Amino acid sequence: MTTTDSLTPNPVLRVAPAAPAEAAAHFRASLVFHADVSDVAAALAADGDPGFVVLDSRSTAAWDQGHIPGAVHLPTALIPGQAGQLFDRSAPVVTYCWGPGCNGATRAALALAELGYQVKEMLGGFEYWVREGFEFETWQGHERRTADPLTAPAGSEDCGC
């Protein structure tokens, strides 16, 4: 016996998946706009110029609490007036803010793009930088926390993504 429930798609398939070509275009576009915390860390740790600049768009209090080593501090509200003095337009800028629950990095990326900069947003922000066990700086010096096993495999530098 067929019930109405068996004819109704589940919530996942209620809207059908995109065609493979459409999905490929979407995910390719996503990678154009976003960078992963682990990829940023690997590029910064490699010898030589990573080919991009990292921008922390948070407040001074947040910056003092902790930031990515080598990042440039420029709160989003100050980008229009100061970006030209701090960034070379030929180098892409990777923005970050607190974490996935904050859109500050998105707003900073928008402000930079509107000024003519190539830009990507670092997914996960400072929260995931710390949670994945990467070194960070505070006003007191360098720190590193143990990687959260929910964000990075224990004892491995590579998540296999």
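It should be noted that the structure appears before, not after, this text.
Before going into details, it helps to say that this report is about the structure given with it. (Residues numbered from 1 in each chain as written. Predicted model: local features only at pLDDT ≥ 70, side-chain atom pairs only at ≥ 80, totals over all residues. Heavy atoms only, no water.)

**So, the packing of aromatic side chains**
According to the stated counting rule, one finds 5 aromatic pairs in the structure shown. Summarising the aromatic geometry, the rings of Tyr96 and Phe126 are spaced 6.5 Å apart at their centres and angled 25° between planes, so their arrangement reads as stacked. With Tyr96 in strand S4 (residues 93-96) and Phe126 in helix H7 (residues 125-131), this residue pair connects regions lying 30 residues apart in the sequence. Of the two residues, Tyr96 and Phe126, both sit in the buried class. Members of the aromatic cluster, connected to one another through ring pairs, are Tyr96, Trp98, Phe126 and Phe136. A cation over an aromatic ring shows up here: Arg58 above the ring of Trp98, its NZ or CZ 4.4 Å from the ring centre. In this structure, Arg131 is placed above the aromatic ring of Tyr128, and the distance from its NZ or CZ to the ring centre is 4.8 Å. (Phe/Tyr/Trp six-rings, centres within 6.5 Å; stacked < 30°, edge-to-face > 60°. Helix = DSSP H or I, 4+ residues; strand = E, 2+ residues; numbered from the N terminus. Buried < 20%, exposed > 50% of the residue type's maximum accessible area, 1.4 Å probe, protein only. Lys NZ or Arg CZ within 6 Å of the ring centre and 35° of its normal.)

**A closer look at the side chain of Thr95**
Looking at the secondary structure, you find Thr95 in strand S4. Accessibility expressed as a relative area gives 0% for Thr95, which makes it buried. A distance of 3.0 Å separates a polar atom in the side chain of Thr95 from the backbone oxygen of Ala105. In this view, Thr95 contacts Leu55, Ala105, Ala108, Ala109, Leu112, Val119, Lys120, Glu121 and Met122; residues no more than four positions away in its chain are not counted. (Polar contact = N/O pair within 3.5 Å; in protein donor to acceptor, adjacent residues only side chain to side chain. Contact = heavy atoms within 4.5 Å.)

**Re the pattern of salt bridges**
A complete count under the given rule lists 3 salt bridges for this structure. In this structure, Arg131 and Glu127 form a salt bridge, with 3.3 Å as the shortest nitrogen-oxygen distance. Remark: Glu127 and Arg131 occur in helix H7; sequence separation between them is 4 residues, near one turn of the helix. Across the salt bridge formed by Asp148 and Arg131, the nearest N and O atoms sit 2.6 Å from each other. One end of the pair, Asp148, is in the segment after strand S7 (141-143); the other, Arg131, is in helix H7, with 17 residues separating them in the sequence. Relative accessible area serves as the criterion here: at 19%, Asp148 is assigned to the buried category. Salt bridges linked by common partners bring Glu127, Arg131 and Asp148 together as one network. (Salt bridge = Lys/Arg side-chain N within 4 Å of Asp/Glu carboxyl O.)

**With respect to the state of the cysteines**
This model, assessed by the stated rule, comprises 0 disulfides. Left unpaired, Cys102 is separated from the closest cysteine sulfur, that of Cys97, by 3.2 Å. (Disulfide = S-S within 2.5 Å.)

**A closer look at the nonpolar core**
Counting 17 residues, the largest nonpolar core has Val40, Val54, Ile68, Tyr96, Met122 and Trp129 as its most contacted members. Of all elements in the fold, only helix H3 (37-45), S4 and H7 reach the threshold of two or more residues within this core. Non-local contacts of Met122, meaning those with residues more than four positions away in its chain, are made with Ala35, Asp36, Val37, Val40, Ile68, Val94, Thr95, Tyr96 and Trp129. Counting residues in hydrophobic clusters, the runner-up holds 12 residues, among them Ile79, Phe87, Val93 and Ala108. (Core = buried A, V, L, I, M, F, W, Y, C linked by side-chain atoms within 4.5 Å.)

**Concerning the environment of Gly84**
Secondary-structure assignment places Gly84 in helix H5 (residues 79-86). Its relative accessible area of 58% is what places Gly84 among the exposed residues.

**With respect to the side chain of Thr76**
In this structure, Thr76 sits in the loop between strand S3 (72-73) and H5. When residues no more than four places from it in sequence are discounted, the contact partners of Thr76 are Ser57, Gly104, Arg107 and Ala108.

**What to know about the sheet that holds strand S2 (residues 53-56)**
Read from one edge to the other, the open sheet built from 5 strands follows the order S1-S5-S4-S2-S3, with strand pairing classed as parallel. Here the strands that pair on one side only, and so sit at the sheet edges, are strand S1 (34-36) and S3. For S2 and S4, the ladder comprises 4 bridges, and the chain directions are parallel. Paired with Asp56 across the two strands is Tyr96, which belongs to S4. Helix H6 (residues 104-114) rests against S2, S4 and strand S5 (119-123) of the sheet, and its axis sits at about 150° to S4. (Pairing = 2+ DSSP bridges. Axes fitted to C-alpha atoms, helices over the stretch in contact; angles between N-to-C directions.)

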